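The lines below spell out each chain.
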Amino acid sequence: MVKVTVCGAAGGIGQPLSLLLKQSNLITHLSLYDIVNTPGVAADLSHINTQSKVTGHVGAAQIEEAIKDSTIVVIPAGVPRKPGMTRDDLFKINAGIVRDIAVAAAKFAPKAYMCIISNPVNSTVPIVAEVFKQFNVYDPRRIFGVTTLDIVRASTFVTELIGGDASTLRVPVIGGHSGVTILPLLSQVKGTEKLSQEQIETVTNRIQFGGDEVVKAKDGAGSATLSMAFAGARFALNILDAVVAKKTGVVECTYVHLDADKQGAESVKSLIGGDIEYFSVPVEFGPHGVEKILPIGDINDYEQKLVSVATTELKGNIVKGSNFITEGAKL
Ligand SMILES: NC(=O)c1ccc[n+]([C@@H]2O[C@H](COP(=O)([O-])OP(=O)(O)OC[C@H]3O[C@@H](n4cnc5c(N)ncnc54)[C@H](O)[C@@H]3O)[C@@H](O)[C@H]2O)c1
Ligand SMILES: O=C(O)C[C@H](O)C(=O)O
C-alpha cells in the first residue's frame, strides 16, 4: 500500500495538489484530511479513473484514520498571508495547526515522509522535528520543508531573461523559505554570465519576493495556490520515485535538518558558518528519504553576502519553531 495523506486538502493548495496526486500511478490510497469539506472533495476526485482509492476525513476525531500508516504526509494546512503580512505573522495560528498534525503523524504514521508546506516553513519544519523527537520517532532523513516553489519560480524568471526551456532549467535555491532567506545560486546557471550585475540582483530579488507578487495580485484572497500545488506535487512525486519506484539520481533542493547526512553537510556548514541546524540544500533522495546532502558548489562574493544575511534571520526562525515545542505544554 502506498498511502499519501494531504492535510488541509480542502484548501486553495490542497485541492489542486490532491488532483495532481490523483494522477500518479504510484499512489494506491489518497487520503484527504481537513477540518471542513473533505467528503465533497474526496467524492469528486474519486470519480477520476486512476488507480488510487480516495477517502475524505473531517476534523480531529478522524485524523487517526486519515493519517494511519501513510507513506507520505503532505501538510498545506493553515492560513495564508494577506497583503502587508510576513510569513512569520502566520506563526501564531499555523504553529499550533502543524503541531497537532505532527502529533497525529508521530503516533499513527511514525515512518511517514513529512512534507511541510504550511508557513512559516523556516519554523514549521523545526516544529515537526521537535514533536517527532518527543515521541521518539525522529529521523531527520524523513522531514522536509517544501521549498520547490522557489526553484520553480527561479526557473521561470531566469528563463525569461536568458531564454531556453524553463521546464528543464535547474536553478539551485538554498537557504530557507522567506524573503532574504531564499538564496538562488544564479552564478551556477549556464547562460547567466551574459546578465549584468543589476539584472542578477533584480531577478534574485524577484525570486526572493515572488510570494509577495502573488499575495499582492490576489489582493486579500490569499497567496500562491496553483503554482504551489504544482511544486508540492513535484516534490511528493520525487519522494515516491525514490522510495517506491526505487529510482536513483532524484535530486531536489529542500529544507532539512543538516543531521540528515552529517558527512554531506560538512561542505555546506563550512560555507554557511557552521552552527545552523536547518537549511535548504541539494538533496539526493533514496529509499530512506535523504540519501545524501550534495555539495552546494562554488558561490560568488555577491551570493556569499546573501548567505550571511539569510543565516541571521533563519536562525531566529528556527529557534522560534523549536522553542514552541520544547518550551510548550507537554504533548
Ligand atoms: N511552502 C510554500 O512554498 C508555500 C506556498 C504557498 C502557500 N504556502 C502556505 O500553505 C498554507 C495553506 O495555504 P492555502 O492557500 O492552501 O490556504 P487555504 O486557507 O486556502 O487552505 C488551508 C486549508 O487548511 C485547512 N485547515 C485549517 N486548520 C486546519 C487543521 N487544524 N487541520 C487540517 N486542516 C486545517 C483549512 O480548512 C483550509 O482548507 C499557508 O500557510 C500558506 O502560507 C506555502
Ligand atoms: O508568499 C506566501 O505567503 C506563500 C508562499 O510562501 C509563496 O512563496 O508563495
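Quick caveat, the model's predicted, so the values are computed rather than measured.

Cut-offs applied
Each chain carries its own residue numbering, running from 1 in the direction its sequence is written. Chain letters and ligand numbers both follow the written order, the letters beginning at A and the numbers at 1. Two thresholds apply to this predicted model, a pLDDT of at least 70 for residue-level local features and 80 or more for giving and counting side-chain atom pairs, whereas whole-chain, interface and lining totals are computed over all residues. Only C-alpha atoms enter the line fits that serve as axes; for helices the fit covers just the stretch in contact. Angles between N-to-C directions range over 0 to 180 degrees. Under the scheme used here, helices are H or I runs from DSSP no shorter than 4 residues and strands are E runs no shorter than 2 residues, and both carry numbers assigned from the N terminus. By definition, turning the near helix anticlockwise from the far helix through less than a right angle yields a left-handed crossing, and turning it clockwise yields a right-handed one. Two residues form a contact once the distance between their C-beta atoms, set from the backbone, is within 7 Å. Our angle categories are set so that under 35 degrees counts as roughly parallel, over 145 as roughly antiparallel, 65 to 115 as roughly perpendicular, and the remainder as oblique. Confidence of the prediction at every residue is given by pLDDT, a number between 0 and 100. Any residue surrounded by 20 or more other C-beta atoms within 10 Å of its C-beta is treated as buried, while 12 or fewer makes it exposed and the intermediate range makes it partly exposed; C-beta atoms here are placed from the backbone.

Draft legend 1. A look at the packing of helix α5 (residues 121-134) against helix α11 (residues 301-326). Running from N to C, α5 and α11 cross one another at 35°; their axes reach a closest spacing of 7 Å. In this structure, the crossing between α5 and α11 has a hand that is right-handed. Contacts from N122, S123, T124, V125, P126, I127, E130, V131 and Q134 of α5 reach α11 at L314, N317, I318, K320, G321, S322, F324, I325 and T326.

Draft legend 2. Structural context of the packing of helix α6 (residues 148-162) against helix α7 (residues 197-208). As a packed pair, α6 and α7 sit with axes 9 Å apart at the nearest point and diverge in direction by 150°. The angle between α6 and α7 falls in the class roughly antiparallel. Handedness of the α6/α7 crossing: right-handed. Between α6, through D150, R153, A154, F157, V158 and L161, and α7, the contact on the second element is made entirely by Q199, V203, R206 and I207.

Draft legend 3. Fine view of the confidence of the model for the protein chain. In this model, the protein chain carries an average pLDDT of 97, and 100% of its residues clear a pLDDT of 70 or more. Confidence metrics for the complex model read pTM 0.98 and ipTM 0.99.

Draft legend 4. Representation of unusual backbone geometry. Backbone torsion omega between N119 and P120 reads -5°, so that peptide bond is classified as cis. Examined against the element boundaries, P120 turns out to sit in the loop between β5 (113-116) and α5. Notably, D69 is not glycine yet its phi reads approximately 60°, a positive angle. In this structure, D69 sits in the loop between α3 (63-67) and β4 (72-75). Not every positive phi belongs to a glycine, and K246 is a case in point at roughly 55°. Inspection of the secondary structure assignment puts K246 in the loop between α9 (226-243) and β9 (250-257). Note on K246: 9 C-beta atoms within 10 Å, which makes it exposed.

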